[in-house]
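Report on the structure
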Amino acid sequence: MDRFLMCPPDYFGIEYEINPWMRLSNQSDPQRARAQWKELYDILTRELGATVELMEPVKGLPDLVFTANAGYVEEDLFISSFFKHRERRGETPYYDAWFRSRGYRIRELGPDCFFEGMGDALPLGDTVFAGYHRRSEICSHQALSKVIDRRVLSLELADPAFYHLDTCFCPLAAGTALFFPPAFDAYAGTALRESIPDLLAVSESSARRFACNAVVMAETVVTNTGCDDLEEPLAHRGFGLRMVDLSEFMKSGGSAKCLTLRLS
């Protein structure tokens, strides 16, 4: 069964600027944000049958809503994130407490190496594809590989607008993924092409609507609106496209995948 962790956007807002999407002059609308979050929640639970567990929102932690960055989850193991920006480090004790209270084993990768969870570490088959340079550091990849005993393939992110791997890369199924080629350096692009037989390149217009920041459940890809040009190539691969307006969260540099952390 598909299980996710989400956090209601009670205290979501643009309170600082830590990526190119965030501007204090471009504030989110709290009422619209709540409605958009609720629609995503309803699509996952009522339409697609997922189980969604909830975290309690915390005042003063506006980005707690982006649960994908909490850490890395594998079975009963939770590896905590160490956020690059101090503005987000206050989230970690709340994430750790949530997972600890549910019986997860809690691990850290070390105090001197930034790691931002499943925003930058995405499993596909036997490999974990891991982004670095913008938020997570490459030193975290070796540590992650040792803890989970899996191959971790490092991918350098070249464009500051695509600051986490999950903004420009989305595993769909074994051997298949979405990606936005200009977001990667040349070596990372080659590594992706050599590792994944069926790479579907998204257009720039869809990439900047966060097409790759999608939640994948069985044969359905849930992503932001404005990614219509993905419908046909996804259908050719046996996937349906379900779009939901997440424009308020785009103001903070996030979309569907950022708002969810897959638990199983």
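Here's a quick rundown of the structure.

Cut-offs applied
- Residues numbered from 1 in each chain as written.
- Predicted model: local features only at pLDDT ≥ 70, side-chain atom pairs only at ≥ 80, totals over all residues.
- Heavy atoms only, no water.
- Helix = DSSP H or I, 4+ residues; strand = E, 2+ residues; numbered from the N terminus.
- Buried < 20%, exposed > 50% of the residue type's maximum accessible area, 1.4 Å probe, protein only.
- Pairing = 2+ DSSP bridges.
- Expected span 1.5 Å × (residues − 1).
- Contact = heavy atoms within 4.5 Å.
- Polar contact = N/O pair within 3.5 Å; in protein donor to acceptor, adjacent residues only side chain to side chain.
- Axes fitted to C-alpha atoms, helices over the stretch in contact; angles between N-to-C directions.
- Patch = residues over 30% accessible without salt bridge, like charges linked within 9 Å, V, L, I, M, F, W, Y side chains within 5 Å.
- Areas by Shrake-Rupley, 256 points an atom, 1.4 Å probe, with all protein chains shown as cover.
- Salt bridge = Lys/Arg side-chain N within 4 Å of Asp/Glu carboxyl O.
- Lys, Arg positive; Asp, Glu negative; His and termini not counted.
- Charge placed at Lys NZ, Arg CZ, Asp CG, Glu CD.

Phi is positive for Glu75, which is not a glycine, with a value near 55°. In this structure, Glu75 sits in the loop between β3 (71-74) and β4 (77-80). Phi is positive for Asp149, which is not a glycine, with a value near 55°. By secondary structure assignment, the location of Asp149 is in the loop between α4 (139-148) and β8 (151-156). In this structure Asp149 comes out as exposed when scored by relative accessible area, which is 68%.

Attention shifts here to the sheet that holds strand β2 (residues 51-54). Spatially, the three strands line up as an open sheet ordered β2-β1-β15, and their pairing is mixed. Strands at the two margins of the open sheet, each flanked by one partner only, are β2 and β15 (261-262). For strand β1 (residues 3-6) and β2, the ladder comprises four bridges, and the chain directions are parallel. In the strand pairing of β2, Leu5 is matched with Glu53.

Quick look at helix α1 (residues 30-47) now. When the terminal C-alpha atoms of α1 are compared, their 25 Å separation across 18 residues agrees well with the 26 Å that a helix rising 1.5 Å per residue should span. Turning to α1, its buried residues are Ala33, Gln36, Trp37, Leu40, Asp42, Ile43, Leu44 and Thr45. In this structure, the buried side of α1 is in contact with β1, β2, β12 (215-217), β13 (220-224), β14 (240-244) and α8 (247-250). Its side-chain oxygen at 3.0 Å from the backbone nitrogen of Gln31, Asp29 defines the N-terminal cap of α1. Just beyond α1, the residue with positive phi is Gly49, at close to 80°.

What follows covers the sheet that holds strand β9 (residues 169-173). The three strands are arranged β9-β10-β11 in an open sheet whose pairing can be described as mixed. Each edge of the sheet is formed by a strand with only one pairing partner; in this case those strands are β9 and β11 (198-201). Shown here is a sheet whose adjacent strand axes are inclined to one another by a mean of 25°, direction ignored. Relative to strand β10 (residues 176-179), β9 is paired through four bridges, and the arrangement is antiparallel.

As a further point, take a negative patch on the surface. Negative charge collects at one region of the surface, where Asp228, Asp229, Glu231 and Glu232 lie side by side. With respect to the helices and strands, the residue Asp228 is situated in the loop between β13 and α7 (231-236). On the accessibility criterion, Asp228 (47% relative accessible area) is partly exposed.

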